[in-house]
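Working through the structure, step by step
The primary structure of each chain is shown beneath.
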Amino acid sequence: MPITGKQRAQKIDPKYHTRRDSFLNWKRWLGFIGLTLGLGYSGWLVSDQGKAHVSTGPLSRAHHAWNDTGCDHCHTPYLPIRLDSLWGSAHATIAKNNQKCNGSCHSLPGHFVDATLPDIAAGVSCSQCHREHLGFDRNLVEVPDSDCAQCHKSLERVAKTTPKVHPVASHFNDAHPVAGFESLTKDPGTIKFSHVQHMRPGQPRTPGDATAKRLENLPAQYRDRYAPLVDSDGWIQLQCADCHDPIVQNVQFENHCVACHSLDGIPHGLNRQLTLDAIASQLPSDLFQYFKNRKGEQAIDEGEIREREIRLQSLASSQTEGCMKCHLPAPEASNAMVQSSQVPARWMPKANFSHDDHRMASCQSCHPQPFEESTSSVDSLLEADRIMIRGIEHCRTCHVEDPVKRAQQFASNPHVATANCVDCHSYHADGFVASVRSQSMSFAP
Amino acid sequence: MLLVRKLHLHLAPFLVSAVLVMAGGIWQSVYSSMHDRPVSGSSLPGLVIGSVAAAIILFELLLWPRKRLRRFKLFRTKTWMAFHLWLGLACGPLAWIHAGYRTGGSFTTILMGLLVFVLVSGIYGWIMQIVIPKWMLGNLPHETIYSQIDDVSLQNALEARQLLTVALGPKPPQSSKLTPIDDVTASMRGSGSRFDESGHLDRIVVGATQKRLPSRSAWALEAQGQFSELDRVEIWKAYASTIEPFFLHRVPNVPYAFDAKIVKARSPLGNLQQSIDWFGRLRQACSTNSSVLLDRLQSLVEQHQQFAVQRSAHAWMHRWIAFHASVSVLLGVLLVAHIVLAMKYA
C-alpha cells in the first residue's frame, strides 16, 4: 500500500543531525581539545615562563641576561617601542622608551643634538638603530647605512643652520666626503724627519755617504736589539714596526730614536729651563771620571773629554745638532725648549681606524711614500710636510658597499670588505669617540 | 571544471580575496621601500593588513555558529561557503604580509604553522569534496545515504534470512548459531526504530534502497521445493557462518553471535575477487537449482562491499573536518592572545 507524503516525512528523524556519529564525536572532542590547548597556552604565555615564546627572537649578547623573562626591562607595557609602530613615533613615546635605555642603564650623549632641528632630534629612538631580537650574535652597533643616511643623505633637511660639514654622506663608494687627512695641505707635525732616509739601508742622508749606520756605530747597549736588522752588506735596515710599535702607538724618542740619536745623557722632553739644568749637570768638575764611569773601564783620553764638553755645551744652542736636529725652535717667549712635535695621533679624527684589522695589507700598500727609491739627498724639513697616506680612492679598492660588486671582486681580491658607516664612524659623542680597537696597532706580517 | 560551472558563485569572493592580497602586498612593498626595512606587524600597513586577516579568521570561525543558527537563513549556504573558501585562502598571504615575511618568535611561528595547517587541511578538504562524490557516482552504484548504511545492512540481513527461510525452509540445527532476531529487533526498537507492516525497518528513508525487497520474497515463494537437502544445509551453513556476520559486523548495538573483529579482519567477502571465488566454491557444493538464490545473496554481498568502500570514502571526505575545525578553534583562541600580546610588546 503506498504511503502518504506525511508518512514518508515521518520516517526521517528530525534530530538525525544530532544522532551519535563517530565523525561528530571526533569533531567535538578535537574541538574541545583545541579550545583547551588554546586557553592553556594563552594562559602560559602571559606567565613569566611564557615570555620567551612571546619574544620575537633571541636578544643579543649585550642584553641576553633578560632573554627569557626580562621583557619589562626594555618594554613598557602597551607602549609601542618600534618607531614604525602606529603610535611609536610620537615624541612622548620615544622619550619614555629612550629613558629605559639611556638613563637607567646607559649614559650616552646624543649626536649633534644642538645642531639638529628639535623635531628631528626628539624623533630619534634607541631601538630605531639598535635593533634587538635578531639573535645572540647580533652586534647592536652594526647599524645599517640607511639609518645614518636618514639624515646624512641631506643634512640641510635636519640641521638648524647650514651644516658646516659635508651635507651629503650617504654612500662610501660614491657619496662620501674625502677623508680628514686629505683635506690637509701638509703634515701638521713639526718634526724634521725623513721616512725615505730612514728606510734606506744605514739611513744615510744621501745613498752611500758616510752617515750610513752599521751595527758597530751604535752604542753597545743597542746592538743586540738592532743586530737582526743588519742586511747582507752590513747596513742597518729599519722596518716600519721598528719605530711604529704595536703597543705604544706613537713613536717615542726614548724607545725608537735614541739608539742613533744619542743625547749623551740629557733627558728628552723637558722644558727649556730643565733641559739647560740637565746640560749643566752633565758638566761635572771631574769630566774624566764622568766619562770613565759612563764607558766602564774603557780609557778616554783628555782630547775626547774636551770634545764631549764642547758638544754638550753646543747641544742647547745649535740649530743643526742636538734638539734642533729634529725639532723646530720654540718661540722666544715660550718656556719650551723646542716646538712640540704635533704629529697627529689620529689622522682621521672623525673615523676609527684599526691597523690590526688591516694587518693583511702591507704597510707600503697604504703608505708608499717612505719606500720611494731616491738617490738624492733628502731634505728632512720639506719631506716632513708630506702626507704619507693614500687617499680614500685607495680605501675604496677594498671597501665596497654593494654586496654584489663585493662578491664579484672577491675572486681577485680576497680582502674585499664592507663599506658600512659604522665600520669607521661612531655615532654617540658626536662621532669623536674612538673605539678601543682602534687604539691598538699591529704590524706583524 | 566544478569551479567553472559555479563561476557565478565563486567570482565575487575570488575577486575580493585577490584584491585584498594584491593591495596588501603592494602597500607593504611601497611602505618597505620608503622606510628601507621590511614592514612590521605593528606599522600602519602591518596593522591594517593584520586586522583584515584577523577579521577573515573570525568570519571563517563563524561558519560553526552559522550551522547552529541555520534556521535564521543567514545568506545562502553556497555563497557563505564560497566566501569561506576564498577568503580563507587569502588569509594566509595576508598574514604573511602582516608579519613582514618573517615567522618571528616561537609563538608567532606556532601561530603561522597552525594557520598553514588550517589552510592546507581546508584545501585538502575542498579537493576531497569535489573529487570523491564524483568518483562515488561512477564507482558505487549501490551507494546509500551514509547514515542509513547500518539500517540497510540490517535490513539486508533480515531480508536474506527471510529469503532463505521461505525458499529453503528453516535453518538446520547443525549450522552456526545466528544472531537472535528478537535481540536484533529489540535493539532496533531501543534505538527508536521498528518494523513496519511490510517487514521493513521504518527508519530506512526514501532513497536509501534502490530496489523493492518484496520482489525477492515473491520469487522465493515461487522457488519453494526446488532445493535439495544438501542445498539447504550448505547454503544455510554459508549464510550463518559467513554472510550474515559480514552484513552485521559493523552494525552497532547488535548482540552478535560472532566475533566482529575477526569478521572484519578475515571475512572472505571483504574483497570483491575473494567473494567471487568464495561464491564459486559454494556453487560447486550446491545443485544448479540454487544458482539464482546464490546470485541474489551475492548481489546483497556486493552491495554491502560497496557500503564498506562508501564508509571509507566518507571518512576521507569528512574526517579532515574534525582536524580542520579543531585547529581553527585553537588558532582563533591564540589569535586573541596574539593581539593582546602584540599590543603589549609591539
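Topic: the interface of chain B and chain A
- Counting residues at the interface gives 43 residues for chain B and 45 residues for chain A.
- When chain B packs against chain A, the two sides together hide about 3700 Å² of surface, and 64% of this comes from carbon and sulfur.
- Inspection of the chain B/chain A interface yields 0 salt bridges.
- Of all the elements, helix α13 (residues 291-345) of chain B adds the most residues to the side of chain B that touches chain A, at 18 residues.

Describing the packing of helix α10 (residues 229-248) of chain B against helix α12 (residues 272-285) of chain B
Residues and elements named next belong to chain B.
- Two elements in contact, α10 and α12, have axes separated by 10 Å at closest approach and are oriented at 160 degrees. Our classification of the angle between α10 and α12 gives roughly antiparallel. In the packing of α10 onto α12, the handedness of the crossing is right-handed. Where α10 abuts α12, its residues Leu230, Glu234, Ala238, Thr242 and Ile243 lie against Trp278, Phe279, Leu282 and Ala285.
- A per-class count over the contact of α10 with α12 returns 7 nonpolar, 1 polar and 1 charged.

Quick look at the pattern of salt bridges
- One pass over the full model with this rule turns up 13 salt bridges over all chains.
- A:Asp84 serves as the salt-bridge partner of A:Arg82, at 3.0 Å between the closest nitrogen and oxygen.
- Of the charged contacts, one joins B:Glu244 and B:Arg161 as a salt bridge, the two residues approaching to 2.5 Å between their closest N and O atoms. Here B:Arg161 lies in helix α7 (residues 149-168) and B:Glu244 lies in helix α10, a separation of 83 residues in the sequence. Each member of the pair, B:Glu244 as well as B:Arg161, carries the same accessibility label: buried.

Quick word on the confidence of the model for chain A
Residues and elements named next belong to chain A.
- Per-residue confidence for chain A averages 81 on the pLDDT scale, and 82% of its residues sit at or above 70.
- Within chain A, helix α14 (residues 287-294) has the poorest average pLDDT of any element, 57, and helix α2 (residues 22-45) the best, 92.
- Ignoring residues within four places in sequence, the model shows residues 432-445, a span with pLDDT below 50, making 33 contacts including any to other chains.

Thoughts on α7(B)
- With 20 residues, α7(B) ought to run about 28 Å at 1.5 Å a step, and its terminal C-alpha atoms sit 27 Å apart, in line with that.
- Within α7(B), 17 of the 20 residues are buried, which leaves the element mostly enclosed by the surrounding structure.

Quick look at the nonpolar core
- Counting residues in hydrophobic clusters, the biggest one holds 34 residues, and the most contacted among them are B:Leu164, B:Ile235, B:Tyr239, B:Ile243, B:Phe247, B:Phe279 and B:Leu297.
- The set of elements that each furnish at least two residues to this core consists of α7, α10, α11 (260-266), α12 and α13 of chain B.
- Element by element, the count of residues in this core is highest for α10(B), at 9 residues.
- Counting 33 residues, the second largest nonpolar core, distinct from the first, contains A:Cys71, B:Phe59, B:Leu87 and B:Cys91.

Describing the state of the cysteines
Residues and elements named next belong to chain A.
- According to the stated counting rule, one finds 0 disulfides over all chains in the structure shown.
- The thiol of Cys74 is unpaired, and the distance to the nearest cysteine sulfur, on Cys101, comes to 5.8 Å.
- Note on Cys74: relative accessible area 24%, which makes it partly exposed.
- With no disulfide of its own, Cys101 has Cys126 as its nearest cysteine by sulfur position, at a separation of 4.1 Å.

Re the side chain of B:Arg66
Residue and element names in this part refer to chain B.
- For Arg66, the location among the structural elements is in helix α4 (residues 63-68).
- In this structure, Arg66 is buried with no salt-bridge partner, the nearest side chain bearing the opposite charge being Glu60 at 12 Å.
- With near-sequence residues (within four places) excluded, Arg66 lies in contact with Leu74, Phe75, Arg76, Thr77 and Trp80.

Basis of the calculations
- Chains are numbered independently. Their residues run from 1 in the order of the written sequence.
- Labels follow written order: the first chain is A, the first ligand is 1, and so on.
- Local features in this predicted model are restricted to residues whose pLDDT is 70 or higher, and side-chain atom pairs enter the listing and the counts only when it is 80 or higher, whereas totals over whole chains, interfaces and linings include all residues.
- By convention in this description, side-chain values take in all heavy atoms of the structure and omit both hydrogens and water.
- By definition in these notes, contact holds between two residues if any of their heavy atoms fall within 4.5 Å.
- When two parts are put together, the accessible area they lose, computed with a 1.4 Å probe and summed over both, is reported as buried area.
- For this document, the term salt bridge refers to a Lys or Arg side-chain nitrogen within 4 Å of an Asp or Glu carboxyl oxygen.
- The secondary structure listing takes helices from DSSP runs of H or I that are at least 4 residues long and strands from runs of E that are at least 2 residues long, numbered from the N terminus.
- Helix axes use the C-alpha atoms of the stretch in contact, all axes being lines fitted to C-alpha atoms, and the angles between their N-to-C directions lie in the range 0 to 180 degrees.
- The labels follow the angle: roughly parallel below 35 degrees, roughly antiparallel above 145, roughly perpendicular from 65 to 115, and oblique for the rest.
- In this scheme the crossing of two helices becomes right-handed for a clockwise turn of the near helix relative to the far one and left-handed for an anticlockwise turn of less than a right angle.
- Residues are grouped as follows: nonpolar covers Ala, Val, Leu, Ile, Met, Phe, Trp, Tyr, Cys and Pro; charged covers Asp, Glu, Lys and Arg; every other residue, Gly included, is treated as polar.
- Per-residue accessibility, obtained with a 1.4 Å probe over protein chains only, is compared with the maximum for each type, and a residue is labelled buried under 20%, exposed over 50%, and partly exposed between these values.
- Residue-level confidence of the predictor is summarised by pLDDT, bounded by 0 at the bottom and 100 at the top.
- Here, expected helix span is obtained from the residue count minus one, scaled by 1.5 Å.
- Only buried Ala, Val, Leu, Ile, Met, Phe, Trp, Tyr and Cys residues count toward a nonpolar core, and they belong to the same one when joined by side-chain atoms within 4.5 Å.
- Note on terminology: disulfide denotes any pair of cysteine sulfur atoms within 2.5 Å.
- Under this rule, positive means Lys or Arg and negative means Asp or Glu; His and the chain ends count for nothing.

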